[in-house]
Amino acid sequence: MKLSHLKKNIPKIKTDVSLKEYTTFRVGGKTRYFFEAETEEDLLKALVAVSNLRLPLFILGGGSNVVFDDEKFDGVVIKVNTKGLEVEDYKPGSKIIYAEAGTPLLFLVNKAKELSLSGLEWAAGIPGTIGGAVFGNAAAFGFSVGEIVKTVETFDLESLKKRKFNQKECCFKYKESIFKKEKKYVILRIGLVLREGNKKEIEKRMREYLKKRNKSQPFYWSAGCVFKNIKIEKPEIKLKIKKALPEAEKFLRSGFLPAGYLIDRCGLKGEKIGRAEVSQKHANFIINKGGAKAKDIIKLMRLVKERVKERLGIELDREVILAKNFTVDSDFWVRDNKRREIKNKKLLKRRRKGKNLPKGKEK
Ligand SMILES: Cc1cc2nc3c(=O)[nH]c(=O)nc-3n(C[C@H](O)[C@H](O)[C@H](O)COP(=O)(O)OP(=O)(O)OC[C@H]3O[C@@H](n4cnc5c(N)ncnc54)[C@H](O)[C@@H]3O)c2cc1C
């Protein structure tokens, strides 16, 4: 029934597709269903069909910030391939570029340069789509995509209606957004405000950022930085860091403590599990040296987190999205619905047996 319903609404849906090829980490098992949406119309049709069947869902962009588990995913992966740009005049000296969510960020950065529009130079060299970048508020060299977002058009998987967000409503914070927090809005189209500038200068800045990137990052399969840098806001964190790392004073002034620096200080560069390794070049990158399994990468992430906590008392927060079948640390979208269902079943059982119910769940 499920497959026939899906086939009817999404004729190009595929079954048992390996996810490995769709991520920059080159790991991951198969997904039961897989669909590449080339147009917004196809995407919306597929989202409604999947929501009606209440199937577990994962929305995929360029796959450059995600680790899929080795186990088969018993749900649907929809890859957003919708591409397209439109440019409109905005306030004097600026323009808005509207981009479909599946537009590669690199294409957008180059297009902005061609149009002599400035504001995205820092993103030269970041793989993935603009939809993925907005979801995770992609950032580099002190800039972030959220700063230039004007509007984000989405599809709400709960109400099955479109919803448009302005910049404030997106709740952008360092590597965070409302989309990442709530996991129920599929990003369709983004409006970015860019300033009119000088093409040659834009090109020069892009080259400089790319140079810095190539100098510091490894050339292996990876998903970029694994952990978020530590924002040093609270005085107690400042004190903790001063005590553990007196030489980190320079970072305290900048307000951010790079996760890579902490990992390096714990002597973890070169640490390996299977074919997964903490990069020697950049300690916040875990690299696949060829043939790594997702389980090796996940184990290595845990080991790094535990060691940093043990040695420096600092808790690292994962940036990379972990897509595991319904486990506590998974980032699958409808996991919460599934868990709610499981929890409700358990509560029902307890009720039938006349056992005490947890606080807040009493009749
Ligand atoms: C070599 C390398 C360098 C990198 N450098 C940087 C860097 O400097 N700064 C930085 O911030 N990141 C960096 N990254 C990480 C990554 O490229 C970015 O986070 C990127 O923006 C992710 O986009 P994506 O399309 O690949 O998302 P994916 O990896 O496909 O997905 C990431 C998350 O976004 C969600 N998502 C994707 N598309 C949509 C959509 N249309 N609607 C709703 N949700 C969606 C997915 O569900 C998933 O949870 C780097 C990665 C690599 C491999």
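Residues numbered from 1 in each chain as written. Predicted model: local features only at pLDDT ≥ 70, side-chain atom pairs only at ≥ 80, totals over all residues.

Attention now goes to the overall build of the chain. If you tally the helices and strands in the chain, you get 11 helices and 19 strands. Among the 363 residues that make up the chain, the fraction classed as buried is 40%. Look at the contacts in the chain between residues 6 or more apart in sequence, and 65% of them connect residues 24 or more apart. (Helix = DSSP H or I, 4+ residues; strand = E, 2+ residues; numbered from the N terminus. Buried ≥ 20, exposed ≤ 12 C-beta atoms within 10 Å, placed from the backbone. Contact = placed C-beta atoms within 7 Å.)

Our focus in this paragraph is the sheet that holds strand 18 (residues 286–288). Reading across from one edge, 16-17-18 is the order of the 3 strands in this open sheet, with antiparallel pairing throughout. Taken across any chain shown, the strands that pair with only one partner, and hence form the sheet edges, are strand 16 (272–273) and strand 18. Bridge analysis of strand 17 (residues 276–278) against strand 18 gives 3 bridges, and the strand direction is antiparallel. In the strand pairing of strand 18, Glu 277 is matched with Ile 287. Lying on the sheet, helix 10 (residues 294–312) is in contact with strand 16, strand 17 and strand 18; it crosses strand 17 at an angle near 25 degrees. (Pairing = 2+ DSSP bridges. Axes fitted to C-alpha atoms, helices over the stretch in contact; angles between N-to-C directions.)

Quick look at the pairing of strand 2 (residues 30–37) now. Most of strand 2 sits inside the fold, with 6 of its 8 residues counted as buried. Here strand 1 (residues 14–18) pairs with strand 2 via 4 bridges, running antiparallel. When the bridges of strand 2 are listed, Ser 18 appears paired with Lys 30.

Here we take up the sheet that holds strand 3 (residues 57–60). Strand order across the open sheet formed by 4 strands is 1-2-5-3, with mixed pairing between neighbours. Of all strands in the sheet, those bounded by a partner on one side alone are strand 1 and strand 3. The mean inter-strand angle of the sheet, taken between neighbouring strand axes irrespective of direction, is 40 degrees. Packed onto the sheet, helix 2 (residues 40–52) meets strand 2, strand 3 and strand 5 (73–80) and runs at close to 145 degrees relative to strand 2.

So, on to the pairing of strand 5. Counting buried residues along strand 5, 7 of its 8 residues qualify, which places the element largely inside the surrounding structure. Two elements, strand 2 and strand 5, share 6 bridges in a ladder whose sense is parallel. Its bridge partner being in strand 5, Phe 35 is matched across the sheet by Ile 78. Pairing analysis gives 4 bridges linking strand 3 to strand 5, with the strands arranged parallel. Following the sheet pairing, Leu 60 is matched in strand 5 by Lys 79.

Contacts to the ligand come from 32 residues, most closely from Gly 61, Gly 128, Gly 131, Gly 132 and Gly 224. The element that contributes the greatest number of residues to the shell around the ligand is helix 4 (residues 130–135), accounting for 4 residues. Partitioning the shell around the ligand into residue classes produces 17 nonpolar, 14 polar and 1 charged. Summarising the domain contributions, the shell around the ligand has at least three residues from each of domain 1 (2–80) and domain 2 (85–209). (Near = placed C-beta within 6 Å. Nonpolar A, V, L, I, M, F, W, Y, C, P; charged D, E, K, R; others polar. Domains from an automatic or database assignment.)

Axis angle and axis distance: for two packed helices, these are the angle between their axes and the distance between the axes, and together they describe the pair. Following both chains from N to C, one finds helix 1 (residues 2–9) and helix 2 inclined at 160 degrees, their axes separated by 9 Å at the closest point. By the criterion of interaxial angle, the relationship of helix 1 to helix 2 is roughly antiparallel. Helix 2 is crossed by helix 1, and the crossing has right-handed handedness. Residues His 5, Leu 6 and Asn 9 of helix 1 form the contact with helix 2, whose own contacting residues are Lys 45, Ala 46 and Ala 49. (Parallel < 35°, antiparallel > 145°, perpendicular 65-115°, else oblique. Left-handed = near helix turned anticlockwise from the far one by under 90°.)

Another point: the nonpolar core. One finds Val 67, Ile 78, Val 134, Ile 187 and Ile 297 to be the most contacted residues of the largest nonpolar core, which totals 96 residues. Counting residues per element, this core draws most heavily on helix 10, at 8 residues. If near-sequence neighbours (up to four positions away) are discounted, Val 67 is found in contact with Phe 25, Val 27, Ala 223, Ala 294, Ile 297, Ile 298, Val 320, Leu 322 and Ala 323. (Core = buried A, V, L, I, M, F, W, Y, C linked by C-beta atoms within 7 Å.)

Quick look at the confidence of the model for the chain now. Of the residues in the chain, 89% reach a pLDDT of 70 or more, and the chain-wide mean stands at 88. Per-residue pLDDT stays below 50 along residues 333–340; that stretch engages in 12 contacts with residues further than four places along the chain or on separate chains. For residues 357–363, every residue scores under 50 in pLDDT, and the model assigns this stretch 5 contacts once sequence neighbours within four places are set aside. (pLDDT = per-residue confidence, 0-100.)

Attention now goes to the environment of Glu 40. With respect to the element layout, Glu 40 can be found in helix 2. Judged by C-beta crowding, with 19 C-beta atoms within 10 Å, Glu 40 ranks as partly exposed. Placed 43 residues apart in sequence, Glu 40 and Lys 83 show a C-alpha to C-alpha distance of 9.2 Å. Each residue touching Glu 40, except ones within four places of it in the same chain, is listed here: Thr 82 and Leu 188.

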